[in-house]
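Per-entry structural report
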Amino acid sequence: MEQRASESARTVGLFTVTPQFHRIALIGIGLIGSSIAHDIKRLGLAHEAIIATRSAQTLKRAEDLKLGDRYTASAAEAVKDADLVIVSVPVGASANVAMQIAGNLKPGAIITDVGSVKASVIAQMQPHMPAHVHFIPGHPLAGTEKSGPDAGFPGLFQGRWCIFTPIERTDPAALKRLRIFWETLGAKVIEMDPEHHDKVLAIVSHLPHIIAYNIVGTADDLEMVTESEVIKYSASGFRDFTRLAASDPTMWRDVCLHNRKAILEMLARFTEDLARLQRAIRWGESEKIFELFTRTRAIRRSIIQAGQEVDAADFGRQYSAEQNKV
Ligand code: NAP
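Here we summarise the structure given alongside this text. Each chain has its residues counted from 1, running along the sequence as written. At least 70 in pLDDT is required for a residue's local features to be given in this predicted model, at least 80 for side-chain atom pairs to be given and counted, and no such filter applies to totals for whole chains, interfaces and linings, which use all residues. Side-chain figures throughout are based on the complete set of non-hydrogen atoms in the structure, without hydrogens or water.

Notes on the overall build of the protein
- Where helices and strands are cited, they refer to DSSP runs of H or I of at least four residues and of E of at least two residues respectively, numbered from the N terminus. Tallying secondary structure elements over the protein gives 13 helices and 11 strands in all.
- The C-alpha radius of gyration of the protein comes to 22 Å, within 12% of the 20 Å expected for a compact globule of 326 residues.
- Within the protein, buried positions represent 41% of all 326 residues.
- In this description, contact between two residues means that some pair of their heavy atoms is separated by no more than 4.5 Å. Sequence-distant contacts in the protein: of pairs separated by 6 or more residues, those separated by 24 or more amount to 74%.
- Note on areas: these come from Shrake-Rupley sampling with a 1.4 Å probe, and a residue is covered only by the protein chains present in the view. With the model as given, the accessible surface of the protein reaches about 18000 Å², and the carbon-plus-sulfur share is 57%.
- His is not counted, nor are the chain ends; Lys and Arg add positive charge and Asp and Glu add negative charge. For this purpose, a charge sits on NZ of Lys, CZ of Arg, CG of Asp or CD of Glu. Averaging the positions of the 38 positive and the 38 negative side-chain charges in the protein gives two centres separated by 2 Å. Here the radius of gyration uses the C-alpha set of atoms, whereas the globule reference equals 2.2 Å times the residue count to the power 0.38. Relative accessible area decides the class of each residue, using a 1.4 Å probe on protein chains only: under 20% of the type maximum gives buried, over 50% gives exposed, and in between gives partly exposed.

What about the sheet that holds strand E9 (residues 138-140)?
- Pairing between strands is defined by DSSP: at least two bridges between them are needed. Pairing is mixed across the open sheet formed by 3 strands, whose spatial order is E9-E10-E11. Strand pairing shows two members of the sheet lacking a second neighbour, E9 and strand E11 (188-191), which therefore form its edges. On average, each strand axis in the sheet is tilted by 20° relative to the strand beside it, whichever way the strands run.
- Strand direction decides the pairing type here: E9 and strand E10 (residues 161-164), joined by 3 bridges, are antiparallel. Across the sheet, the residue bridging to histidine 139 is isoleucine 163, located in E10. Axis definition: a line fitted to C-alpha atoms, over the contacting stretch in the case of helices. Angles run 0 to 180 degrees between N-to-C directions.

Overview of the site of the ligand
- Here a residue counts as near a molecule or strand whenever at least one of its heavy atoms sits within 4 Å of it. Lining the immediate surroundings of the ligand are 25 residues, of which Thr53, Arg54, Thr58, Val89 and Ser116 lie closest.
- Between threonine 53 and the ligand, the recorded distance is 2.7 Å, taken from a side-chain N or O atom to an oxygen atom.
- Note that an oxygen atom of the ligand is positioned 2.6 Å from one of the side-chain N or O atoms of serine 116.
- Contact with the protein chains covers 85% of the free accessible surface of the ligand, which is 900 Å².
- Classification used: nonpolar for Ala, Val, Leu, Ile, Met, Phe, Trp, Tyr, Cys and Pro, charged for Asp, Glu, Lys and Arg, polar for all others including Gly. Partitioned by chemical class, the residues of the shell around the ligand number 11 nonpolar, 13 polar and 1 charged. For the purposes of these results, a polar contact is taken to be a pair of N or O atoms within 3.5 Å, where, inside protein, one atom must be able to donate a hydrogen and its partner to accept one; residues adjacent in sequence count only when each atom of the pair is a side-chain atom.

Quick word on the pairing of strand E6 (residues 84-87)
- The alternating pattern of E6 places Leu84 and Ile86 and Val85 and Val87 on opposite faces, both of which are buried.
- Bridge analysis of strand E3 (residues 21-27) against E6 gives 4 bridges, and the strand direction is parallel. Along E6, the bridge assignment pairs leucine 26 with isoleucine 86.
- With 4 bridges joining them, E6 and strand E7 (residues 110-113) adopt parallel strand pairing. For leucine 84, the partnering residue across the bridge sits in E7 and is isoleucine 110.

Description of the environment of alanine 131
- If you trace the backbone, alanine 131 turns up in the loop between helix H6 (119-125) and strand E8 (134-136).
- Accessibility expressed as a relative area gives 84% for alanine 131, which makes it exposed.
- Note: C-alpha distance between alanine 131 and serine 35 (96 residues apart in sequence) is 30 Å.

Examining the pattern of salt bridges
- The salt bridge definition used is simple: a Lys or Arg side-chain nitrogen within 4 Å of an Asp or Glu carboxyl oxygen. The final tally for this structure, using the stated rule, is 19 salt bridges.
- The shortest N-O distance in the salt bridge between glutamate 265 and lysine 199 comes to 3.6 Å. Residue glutamate 265 is located in helix H12 (residues 260-282), and its partner lysine 199 is located in helix H8 (residues 194-221); the two are separated by 66 residues in the primary sequence.
- A residue is classified by how much of its surface remains accessible, and glutamate 265, at 36% relative accessible area, is partly exposed.

A word on the nonpolar core
- Within the largest apolar cluster, 36 residues are counted, with the highest numbers of intra-cluster contacts made by Ile24, Leu26, Ile36, Ile40, Phe157, Phe181 and Trp182.
- Those elements giving two or more residues to this core turn out to be E3, helix H2 (31-43), strand E4 (46-52), helix H3 (56-64), E6, E10 and helix H7 (172-184).
- When sequence neighbours within four positions are dropped, the list of residues in contact with leucine 26 reads Gly33, Ile36, Ala37, Ile40, Ile50, Ile51, Ala52 and Ile86. By convention a nonpolar core is built from buried Ala, Val, Leu, Ile, Met, Phe, Trp, Tyr and Cys residues, the set being connected through side-chain atoms within 4.5 Å.

Structure, rendered in structure tokens:
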């Protein structure tokens, strides 16, 4: 028994740790996949991490960055004998990936994802999952506007929420194992119904990105504001929108198309509220304007108090694992 324990132990820095998983397969190695890879390595969470991504260029970069132990262009190959599979691809690619890996999944394996939309990912992946695996959809609420394997960094998930949207009859032991994995990465795990997740994320994440893409597009279209003026004066509020609007176009196109219902519902609410504000400005309703701006200021204070943002002037927004900017 003692011998088995020492055989399974792994040295990480000065410490000896027992990995939580024998083999972890990472399908997709962009910002999220590579951040998970950094943490698996840093914390010694697997005996072996296999990385799969479709393009030779990204695979080579992952290898150059030493993000895993083995590398393959085949997702089906990567999942063989893996006891944890983490799918980190744009949500629109979920069904295709599920089809590719389904036949090679090991009995008892945990399959999870990190997609920003949950009902659609479940609809795309669940039908392909064999009965002998545990499919647990997930979404870590952490990220930046960068993409690709170079964008990831250790500690991205520290202090951030990770939402599970388990399907009915999910094995509690598998759920607990995955929860421990994310908690080891520093995340706070919470469970939610997938439709509820999609509504909440539509307002807190998807709508702000859509507004940012739209406002930056509008500024770009305005003939009276030249491109150089947009750049020169961008410190005055516009800058924060450009950061969001620089996010990965494939990822955000897929989010829009796969969370269509909740996004349209939130956009309708937003448009109504904007019309109300427009009217208040037109008619000089100063109290209404002041009341709204006071209420919104308090919300930012609550976010800072909840540890989800730091109260610092951040021109240039430096990333750090402690501050964990999103
Ligand atoms: P990313 O940096 O752009 O990386 C995407 C990865 O998926 C790459 O390995 C890419 O492979 C692969 N990929 C792209 N299109 C594919 C396709 N059609 N089929 C198979 N593989 C494909 O993306 P990311 O930011 O890590 O996002 C990954 C997932 O995490 C998305 O579902 C997103 O919604 C979710 N998420 C993102 C954030 C964020 O802030 N970015 C936060 C939370 C969750 P190649 O490079 O080889 O083409």
